[in-house]
Structure formats: structure tokens, C-alpha cells
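Working through the structure, step by step
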Amino acid sequence: MVATQEYKVIGTRPIRHDGLDKVTGRAIYGADVKLPDMLYGFVLRSPHAHARIRSIDTSAAEAMPGVVAVMTANDMPEAADELVDLGEGAINFSHASDHIMAMSKAKFKGHPVAAVAATSTNVAREAVAAIKVDWEVLKSAVTVDEALAPDAPVILDGWVGDDLGEKSTKPNVGSHFRHEFGDIEKGFADSTTIIEHRYDLAMVHQGYIEPHNGTAIWDQEDRVRLWTSTQGAFTVRTQLAGILQLDESRIKVTPTEIGGGFGGKIPIYVEPLAAILSKKSGGKPVRILMDRPEVFEATGPTPGGWVSVRLGVKDRKIIAGDADIRFDAGGFPGSPVGAAAMCVFSCYDIENTRIDGWDIIVNKPKTAAYRAPGSTHVAYAIECIIDEICEELDLDPIQFRLDNASKEGTRRGDGPIFPRIGNIETLEAARDSAHWNAPLDKNPGNGNVRGRGIANGYWFNVGLKSSVNLSVNTDGTVMLIEGSTDIGGTRASIAMQAAEVLGIRAEDIIPTVVDTDSVGYTDVTGGSRTTYATGFAAYKAAQNLIDELTARAATIWDIPEDEVVFEDGKFSSKSDPELSMTFKEIAGKLNETGGPVSSTGAVDLENAGGGFAVHICDLEIDPETGKTDVIRYTAVQDVGKAIHPSYVEGQMQGGAVQGIGWALNEEYFMSDDGQMVNSSYLDYRMPTSLDLPEIETVIVEVPNPIHPFGVRGVGEPPIVPPVAAIANAINDALGIRLREAPMNPGRILEALKEKNG
Amino acid sequence: MHPFDYVAATSIAEVNSILAQHGNRARPLVGGTDLLVQLRGGRFDLDAVVDIKGVPEANVLELNGALKMGSAVPLAVMYEDQAVRDAYPGLIDCAELIGGIQIQSRASMAANLCNSTPSGDTICPMIVHSAQVNITGANGDRTVAVEDFCTGPGRNVLEDGEWVLDIVFPAPASGFGAAYERFIPRNEMDIAVAGAASSVTLDGSGKITDALVALASVGPTPVFVTAITDLLVGKEPTEENFVAAGKIAYDAVSPISDMRGTIEQRRHLSGVLTRRTLTKATERAKAG
């Protein structure tokens, strides 16, 4: 089945099933969880970026009235030194345990060192303040270059990273890998134009509104129950089991509604602490809720670092590409540099390529996934260099991209051969868009100047495991039980795929996201996989349900099963036109004809359809202050098939907006001693609604051949091009190339001063 | 957060008595937009918070030639008063850009002054409107010019037990105009990287008889640049003269580099905003 087909439900815009609860405030989020006798936890965190713990004295805190339990790393079970894949990123349990509570050394400011459970948050906070830590403050390294310098401090004791198959001689190298194809030296030797630049980016945070939270009970039978807002309840269970050294079957994770994740709510932070404090409190429930500075300082942002790219061109063809990507992983190895390497050359068909990736340990929070992790960084570099090539050779920026575009059969920079992809169709849609063809008045007369930029971006998307259960109600509706937490409207998009198969309305499916005891294993809502993979599971479950109902119709009519057909939402007999039942009619007969009917569907998808996004951006800049306003913005994207176009558009707009914030103002502003000094939304400077135009969207549908409805992932590609598109627009407006993000007003003024003298 | 007593005072005497009793362990509360955030953030602890919104004298808004504005008068009450809008344009500029409607309905100018951050958006406009601050307390009353009120970041002339009862703005001369502008990288929800307030008084021939410029976020206190007054008085309100005023501003300020901006950026913005606000104040002066 491909998306050229006509659908009844897919492609329509029904109201989402969880909408009313969310707009009326009835939906239950992590902070809404309140249990009888609940205690309130609070965490003592390192005030230093890098410091050894000489001793911790918790006696004063333990003696305070209202304090029920106090814990340190000594209360953490010893976790195995074992790497486990979490779908979007992986986890080493021994690092995770040390990350969740520092054993001997704080590796970033905000690293937990102790925690308290008390009868109120105020008491817990006062008790935390009474814990005395004797610190030996160490020299810190917060950038890639500092951590690789000859005099860099050793951040992770005993760590030896892999450097192209050898043991690294530098203490802070998490890993260094290389992908090389063709003859890179010959490629550059044959090139007539070569451009090379290094692009630097600051660490940035996803900026979800809801802070991390966890409410846990560890009872006397060593069963742990946890309520938390997460992108994946099963992944939380896996992490908890590894860190607490319990069998997964002893742990039940109930996902609450989630107030944003973007990759950042895959790892766990306070959840094991709440569980251990509960155990130490005799099984009373303990809730820990982060505040905003804790979220900034001690959860997983996306790395800063730099990307250096060299491209060689001959006869308007890119024939050589060399990339050096260095990301700061935070206090433990594991930045998304691997994903960045998969993406860096992915929009282009380049014969000779080499990609070096470096994962570098620094004294900053351990990075986590953030929407197409790593791809925005590399797009900033390559898409700006592509723009420079077009400028130097006087080429049309879209035609040059089309002339060099990757397509089915192109080898990606890390080796795999592309299946059917929509890169060319997306570029053509951008070329033909209203925005690209609208004139831009570069000097609007108010002293400001305007510029237009364009950039392409790619994300590979993931498949992985999902489970869906369906059961038929006698009124003709269907309960849909799923394990994918709903971040961007996936209850609706999954229900719609089941409804399409069953021939009923989306509203007649009642989707529920359940706990880990109540549905089969389901991977995280991440990697743009949920509508694709859980939707695929729903499709299979619905097919299985039709098979069950076909058998029941045969029983009811007393005819052979192969005499029954299901078409247009109706069961009917091939031979007797009188025998016909709608889905609703057969549902009404189930209890009298053999009892309830239910089905399951499960998938484990190795591949997904990669997605491309081309963004066009118009800026207006005040050259006297550097103030930059986005005045028009269009996001064009191949989504395979838009199941619910409104939520597809919402994802495209949301990704663009996060990328705009990343480009213009967001950053971890670090002090000399490794402290993030802007850990509040006041000073972190994410864009507000007043800083943004309506983000226009153009949906391109090149069906993904391996999905029944042609779905590709949607959520991640739109954050890839914005930083580069804005950089290219700034250059168009002012004739300056900003090679460091954020490209804030101060940097614009500096560059203008350098240009104009 | 350390527990504290909350007292909703209804008279000057009651406020004085509680502040006298607790010394520096008590503070007055108006909108709470700074105080509560600071308490919750653990910046300092208090034993008592005295809400002065119920004190009648702190709620006076009286325009009788001069303007007398009680320390609890919300920004929105002030900017919704048409006569005040007409006479004190510099105050309206800042009142309308602080926070959203909820904050503006709660926060007051006097309380923003008492928070005494160099970036306080109301302070520079009050300086160029020549405001006088009336201070009261158990030990008596005194009056301080607004430009002399702040003594450092978060510090001011108030002694323990003292608080601001009201602020008085003289009646603007004919031919007076004022304006305030701040620079923030976004369009809302931000602290000034730099701000400038200017007022200009023109005589019948269009010459400048008085010009006041004060700059925000570019020194440990708001910076009142009297050298610009010396430069401009007696001159024509031309672009050239205002550019020269901007150059004085560039040299007069002593900013720091931090997460919100760099020294050079703030000096540069001081010059640009000085020129822009002098120009806007002049347009308003001419428009009467």
C-alpha cells in the first residue's frame, strides 16, 4: 500500500483523543501524582564543576525533625559495567549509577551527591542545606578543546577511550571513530574549488516546560512502583532494573502525561533516588520534582563542540568531503557524535568522503538526545559551506543542491545505501514554494536590512519495537492499548491507522497509554518512530482483529471462513448478497456468538524511512543593535504520508522554532570555573511567540515503501536546517559569515565591526 | 524556603512598627515579582514580609501640577490614567514594557526602584522626569532625588526600618518630551542588555533648554550622564548633536560582560539608545 491510495481516515484532522483533558488541565502529569503518606525528596548537588568528595556528613540532616531518610552514593547498588541500548542512545549502568549519584567525584556542577526524604519540600530543602561535604576542588575542562589540551584534567578516573581501534592516550577521549569511502586525497586533488571552515556551537537544552519528576514506592517485597513523565516507560524500567539491581518483573512503571521531552526524557535522574529513599523510609512513597536550575544543570542537553567540514567541487559536482566532528559528551562518554556522522553528508551524493567523530568527556552535564541529535550541528557546517560554494561559483543554491542531491542508491557517509528517499522532491517543493518565489525587499526603509537563507537537513529515523492490543466493545468502538507515551498527538495518529483498517471513525477508537505491566514491550517515543512503528503495530493488530471477526462472521452465518470478505467497513458473503454486517453490527453480536474478540500486534523494525527537510528563512536585522527578527519562515519536508496533517504541521513548526532559538540566542553560558550562569528561562532566552512569525509548512509525501501507509518519521528532521538557514540569511542580509552559534546580537555587532572597521 | 510571617498592613504606623521590630529580617511587599522570586531562590531569608498594598497613603495617584504616586500603585493603574500618560511619556514607555498585563497590574515603580538593580526599567525614566523619593520609617521622613537612591547592584540608601511611601514627579515644563528604550535580543521576557531614558525641553525657538539622559544596565547603578546635559543645553536638537551625546554616553558608562551582553556591546548600545531616545523625546516635545 502506498500513499497514492485514497483513505477514509488517514489524512483527515480529527480532534485528538487526549485534547480535552489537556486543555482543561485534567490530564495527570508527573507533579500531579499524590499518594497517601507521600514524602518529598530533595537532592544535594555539587556546587563545583569538578571536585573530589573527601567526606560527607549527613548527621545534622538526619537529626532534623521531619526528615525520614537520607541517602548518598553508598546506598546505590553496585551496577554492572554493561552497555544497554535505549533506542535513541545507549546507557552504561555503572556510569549511569555514578551519574545519578556521584560516588567519589562530582564531574559537573549539579551532580547529585546526597538526597533527603522529608515530610515537606521545605524540610527536605533545609535538611539538604545541613549536609556537609568536604570538597577538594579540581581543575575543570568545559570545552572540547580544553578537554583535549595536554594539561587537561582527568575527568573520568580509569577511563580509556577507543581511538581508531587503539587505546586513547588522551584521558578525556570517549571515542574516536572514522568512516572513509573512495579516495579522499584524489578527490581533493581533482577539485577546482575547495572550501573548508570550522563551525562552533554552544551546548543547548531541549527546554521542555515540565521538569523531571519521579514518585516511587519500594515495598517490603522488593517490588518497585514508579510514576514518572517519560518518553518510554519500558526504557525507564530497563534503566531502573540495571541501576537498582532488580529483575525487571519487580518493577512497574506508570507513565504520566509528559510536558515535553524532545529526547531529554529518555534517561532517568531522580527516579532511582526516589525509589531508594522510599526503601529507606520503610516503603513510603517518595516524590522528587526538579526545579528549573536543576533541569538545566543536571539533565541531558545536546552537546556543544565544533564541526569542521571541507568540500571539494569540480564541474558543479561535489567530489570530495571531509568532516571532523567533535562533541562534548558531558561528564561521561556518550554524545550523539555517531548520529552526527550518519547525517553530515547525507543530503549529497559525494564519491570520496571521510568522517572523523570524536566523543569528548568534559565537566558539563551528561548530554542526552535532543531531536535529531547531532544532525543540526553538522547541517550548520555543511549547509553554510554549500552556500559559500554557491556564492563563490555564482550558482543557484537550490539547483546546486539538486545537482548533487542524494537519492535511492546513493551511499550515505557512514556506508549504508539509501532506499527510496524524498530529498529531490523536497528540494523541488522548496524551489516551487510561494516563499522562495516571493521577492524580498532587502532594504525596507527603516534602517534595517533583510536577507533570505535556505538549508537542507536529514534525519534517518528509527523503527524498533512496539506493541498494541485491541479489543472490541459491543457498541462498535475499539479499545486500543499502547505503550508509547503520547508527546505529539500519537494517540490520534496510531488510532487513525487502526481505524483505517477497521473501517471505523478515528473517534470510535479509544486509545490508552498504559503501564509496563499492561502491554507488550514498547520502545521510547523518540527517533521519530512512534507514528511509524507503533502505528505499524496498530495496523497489524487491526488486521488480526479483522481476521478474528471474519471467523466470527462465518460462524454467525454458518458459512466457510473463506466465503467472508471485509471491504469498505463491511463483512459480507461472497455468494449471498443478503449476508452483510457493518463493523458495528458484528460488534453488537459478539457476546451472544462466542464472546469477546481482541487482538495484538507487535513489530520490531530494523529500518525506518529517512526524512529530509528544506527550510527557507527571511530575517530583518537592525544593523545598529544586531537585533534579528525572523519575518517569514517556511518548512518543507518529506513525511512519507501525513496521517494527521495538523500534528505533522505542528511537528514541523515546533522543530523549526527550536532550531530558531538554537540559532539566535540559546546557549549554556559558562563561567570560567565551569558554572552555567543562565540556568533560568529568563536568561536562557528561548524564543517566545512574540519572536516568531507563523511557520509556513509544505508537506511532501514520498511514501516509505516499508510501511503499510508510507509513513516516515516526522518529528526530528525539522530541527536540522534552521541554524544553517538563519546563518545563510544573516550572510545574505549583512555579508557576514557567523561561524559560531548562537548568532546573537553581540556576535552580529562584532562581525559587522570587523567587516566595516 | 525559610518560613516567614506575612502581615497585610493597613497603616503607615503598622508598617513602621513591623519593620522596626525585625530590622533587616523584614521587608515591604508590593507586587512580589522580585521579592518572592528572591526568597524562593534562596537569595536571602526573612522573618516577616509586610504587604503595603492595604496602606491608603501608598495607593495615592494624584496629578495636581506635580504627580504624586504612592509606592503601591500598580503600573497599569498609572498607564491607564490619560492625564498621566500625556504628561509623563517616559514613565509610560517603561511601564508598558515591563512584564505582561498580570505583572503590570501588580508591580509598582517604587518597588522596582527599591529592588535597585542597574537594569531596573523604571529607574532611568524616573531620573529624566526629575523624581523625588519620599522615604518614611519609625525614625522620621526624608526625601532623596531618584538619581541618588541606588548605591550599588541591589543596594540603596534605605536604612533598616525605612521604606518608600511615595514618589513625586514635578510638572513637566512646556516643550517637554521624554522617552525610554531598552535593548533585549527577544521581543519580551527579558532583562535590558542596555537601556536609555532621555528627556528634552525645548524653548519657543526650538532650542534645547534642558536635556537629561540616564542609562540602565551599564554600571553598578543607573548612570545619570550629566555631561550630556552640559553638551546639549543651548543647542539645536539635531542628529549631529544627538550622535555626539551618544559618544558621551559610550564613554560615560562602565558596564560588565556577562551572560546578557559584553562590555563593548553595552557601550555601543548606550550610544545608539541615547541617540534614539533623544530623538524620540524631541519629537514628543515638539508634538506638545
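Residues numbered from 1 in each chain as written. Chains lettered and ligands numbered in written order. Predicted model: local features only at pLDDT ≥ 70, side-chain atom pairs only at ≥ 80, totals over all residues.

Re the overall build of chain A
Applicable threshold: The secondary structure listing takes helices from DSSP runs of H or I that are at least 4 residues long and strands from runs of E that are at least 2 residues long, numbered from the N terminus. Note on method: radius of gyration uses C-alpha positions; expected globular size equals 2.2 Å times residues raised to 0.38. Exposure classes come from backbone-placed C-beta atoms, where a residue is buried if 20 or more other C-beta atoms lie within 10 Å of its own, exposed if 12 or fewer do, and partly exposed in between. A residue pair is marked as a contact if its C-beta atoms, positioned from the backbone, fall within 7 Å.
Scanning chain A from terminus to terminus reveals 21 helices and 31 strands. Taken over C-alpha atoms, the radius of gyration comes to 27 Å for chain A, in line with the 27 Å a tight globule of 757 residues would show. Projected onto its principal axes, the C-alpha positions of chain A cover 90 × 75 × 55 Å. Counting the 757 residues in chain A, one finds 58% classified as buried. Within chain A, contacts between residues separated by at least 24 positions form 80% of all contacts whose residues are at least 6 apart in sequence.

Points about the overall build of chain B
For chain B, the count of helices and strands is 11 helices and 14 strands. The globule rule puts the C-alpha radius of gyration for 288 residues at 19 Å, and the 19 Å found for chain B is close to it. Structurally, chain B occupies a C-alpha span of about 55 × 45 × 35 Å along its principal axes. Expressed as a percentage of its 288 residues, the buried residues of chain B come to 51%. Sequence-distant contacts, at least 24 apart, represent 64% of the contacts inside chain B between residues at least 6 apart.

Let's talk about the pairing of strand β13 (residues 208-216) of chain B
Residue and element names in this part refer to chain B. Using the following cut-off: The pairing criterion is simple: DSSP has to find at least two bridges between the two strands.
In terms of burial, β13 is a largely internal element, 7 of the 9 residues being buried. The pairing of strand β12 (residues 194-202) with β13 spans 8 bridges and is antiparallel. Bridging across to β13, A196 finds its partner in L215. Sheet analysis places β13 next to strand β14 (residues 223-224), joined by 2 bridges and oriented antiparallel. Pairing of A214 across the sheet is with F224, part of β14. Linking β13 to β14, which pair antiparallel, is a turn of 6 residues; within it S217 sits at a positive phi near 70°.

So, the interface of chain B and chain A
Residue-level contacts link 17 residues of chain B with 19 residues of chain A. The element that contributes the greatest number of residues to the side of chain B that touches chain A is helix α11 (residues 263-287) of chain B, accounting for 4 residues.

A look at the domain arrangement of chain A
Residue and element names in this part refer to chain A. Put simply, the rule is: Each domain's extent was defined by an automatic or database domain assignment. In this count, Pro and Cys sit with the nonpolar residues alongside Ala, Val, Leu, Ile, Met, Phe, Trp and Tyr, while Asp, Glu, Lys and Arg are called charged and the others, Gly among them, polar.
The domains assigned to chain A are domain 1 (19-27 + 462-605), domain 2 (33-138 + 206-298) and domain 3 (305-461 + 608-756). A straight line from the C-alpha centre of domain 2 to that of domain 3 covers 35 Å. At the interface, 24 residues of domain 2 touch 22 residues of domain 3. Put simply, the parts of the chain that give the side of domain 2 that touches domain 3 at least two residues each are α3 (93-100) and α9 (292-298). Across the side of domain 2 that touches domain 3, the residue classes tally to 9 nonpolar, 10 polar and 5 charged.

Overview of the sheet that holds strand β3 (residues 48-51) of chain B
All names here are of chain B. As a reminder, the rule being used: The angle between two axes is taken between their N-to-C directions and runs from 0 to 180 degrees, where each axis is a line fitted to C-alpha atoms and a helix contributes only its stretch in contact.
The 3 strands lie next to each other as β1-β3-β2, forming an open sheet whose pairing is parallel. Since the sheet does not close on itself, it has two edges, and those belong to β1 (5-8) and β2 (26-29), each with one partner. Strand-to-strand, the axes of this sheet are offset by a mean angle of 20°, without reference to chain direction. Sheet analysis places β1 next to β3, joined by 4 bridges and oriented parallel. Bridged to V7 within β3 is V50.

Notes on the nonpolar core
The condition that has to hold: Note on definitions: a nonpolar core is a set of buried residues drawn from Ala, Val, Leu, Ile, Met, Phe, Trp, Tyr and Cys, linked by C-beta atoms within 7 Å.
In terms of nonpolar packing, the biggest core is built from 224 residues, with V116(A), L273(A), Y380(A), A498(A), I726(A) and I730(A) touching the most fellow members. With 11 residues, the top contributor of residues to this core is helix α16 (residues 530-557) of chain A. Once residues lying within four places of it in the same chain are set aside, the contact partners of V116(A) are G41(A), F42(A), A61(A), V67(A), V70(A), A124(A), A127(A) and V128(A). Formed by 88 residues, the second largest nonpolar core is a distinct cluster that contains L75(B), Y88(B), M109(B) and A211(B).

Description of the sheet that holds β13(B)
Residues and elements named next belong to chain B. Sheet architecture is open: 4 strands sit in the order β11-β12-β13-β14, paired in antiparallel fashion. Two strands bound the open sheet, and with one partner strand each, they are β11 (176-183) and β14. Across the sheet, helix α5 (residues 89-97) touches β11 and β12, and the angle it forms with β11 is around 25°. In the packing of α11 onto the sheet, the strands contacted are β11, β12 and β13, and the crossing angle to β12 comes to about 35°.

A word on the domain arrangement of chain B
Residues and elements named next belong to chain B. As assigned here, chain B comprises domain 1 (5-51), domain 2 (58-169) and domain 3 (176-287). The C-alpha centroid of domain 2 is placed 18 Å from the C-alpha centroid of domain 1. In this complex, domain 1 contributes 12 residues to the contact, which on the side of domain 2 involves 16 residues. If one sorts the elements of the side of domain 1 that touches domain 2 by residue count, helix α1 (residues 12-22) sits on top with 5 residues. Grouping the amino acids of the side of domain 1 that touches domain 2 by side-chain chemistry returns 6 nonpolar, 5 polar and 1 charged.

Overview of the environment of G595(A)
Residue placement: G595(A) occurs in the loop between α17 (583-589) and β27 (598-605). Sequence separation of G595(A) and R552(A) is 43 residues, and the distance between their C-alpha atoms is 9.8 Å.

Comments concerning the packing of helix α15 (residues 490-502) of chain A against α16(A)
Residues and elements named next belong to chain A. Let me state the cut-off plainly: Any angle between 65 and 115 degrees counts as roughly perpendicular, while under 35 counts as roughly parallel, over 145 as roughly antiparallel, and the rest as oblique. Note: crossing handedness is left-handed where the near helix turns anticlockwise from the far helix by less than a right angle, and right-handed where it turns clockwise.
Where α15 contacts α16, the two axes come as close as 8 Å, and the packing angle between them is 30°. Comparing the axis directions of α15 and α16 gives the class roughly parallel. By crossing handedness, the relation of α15 to α16 is classed as right-handed. Across the interface between the two elements, T490, S493, I494, Q497, A498, V501 and L502 of α15 pack against T530, T531, T534, G535, A538, Y539, A541, A542, Q543, L545 and I546 of α16.

Re the environment of G207(A)
Position of G207(A) relative to the elements: it lies in the loop between β12 (193-201) and β13 (213-218). When the C-alpha atoms of G207(A) and G312(A) are compared, they prove to be 37 Å apart, with 105 residues separating the residues in sequence.

Concerning helix α4 (residues 121-129) of chain A
Those residues of α4(A) that sit buried are V123(A), A124(A), R125(A), E126(A), A127(A) and V128(A). For α4(A), the elements touching its buried residues are β1 (39-45), α2 (59-62), β3 (67-72) and β7 (112-118) of chain A.

Looking at α1(B)
For an α-helix the count is 3.6 residues per turn, leaving residues at separations of three or four pointing the same way. All names here are of chain B. We apply this condition: Our arc is simply the arc of the directions from the helix axis toward the C-beta atoms.
Buried residues of α1: V15, I18 and L19, and no others. Looking straight down α1, one finds its buried side chains confined to an arc of 95°; they lie on one side. Residues of α1 that are buried sit in contact with β1, β2, β3, β6 (132-137) and β10 (162-169). Within two residues after α1, G23 carries a phi angle of roughly 60°, on the positive side.

Looking at unusual backbone geometry
Residues and elements named next belong to chain A. Going from A741 to P742, the amide bond is cis rather than trans, its omega being 5°. One non-glycine residue, R371, adopts positive backbone phi at about 30°. For R371, the position within the fold is in the loop between β19 (352-361) and α11 (375-393). Classification of R371 by C-beta neighbours within 10 Å gives buried; the count is 28.

What to know about the confidence of the model for chain B
Reading predicted coordinates in detail is not appropriate for stretches of low pLDDT. To keep things clear, this is the line we draw: Values of pLDDT, ranging from 0 to 100, describe the predictor's confidence in every residue of the model.
Averaged over all residues, the pLDDT of chain B is 96; the fraction at 70 or higher stands at 100%. Listed scores for the predicted complex are pTM 0.96 and ipTM 0.95.

Thoughts on the environment of R267(B)
All names here are of chain B. Take R267: it is sitting in helix α11. The exposure class of R267 is partly exposed, given the 18 C-beta atoms found within 10 Å. In sequence terms R267 and G100 are 167 residues apart; their C-alpha atoms lie 28 Å from each other. Ignoring anything within four residues of it in the chain, the contact list for R267 reads Y250, V253 and P255.

Notes on the packing of α3(A) against helix α7 (residues 233-244) of chain A
All names here are of chain A. Relative orientation of the contacting elements α3 and α7 amounts to 85°, with a least axis distance of 9 Å. As judged from the angle between their axes, α3 and α7 are roughly perpendicular. Together, F93, A96, S97 and I100 of α3 and Q239, G242 and I243 of α7 make up the contact between the two elements. Tallied by class, residues from the contact of α3 with α7 come to 4 nonpolar, 3 polar and no charged.

Overview of the pairing of strand β21 (residues 464-472) of chain A
Residue and element names in this part refer to chain A. Most of β21 sits out of view: 7 of its 9 residues are buried. As paired elements, β21 and β27 share 8 bridges and run antiparallel to each other. Looking across to β27, one finds that L470 is bridged to S599. Taken together, the 5 bridges between β21 and strand β22 (residues 478-482) define a ladder with antiparallel strand orientation. Paired with L470 across the bridge in β22 is L480. Counted between consecutive antiparallel strands, the loop separating β21 from β22 contains 5 residues, among which G476 sits at a positive phi close to 95°.

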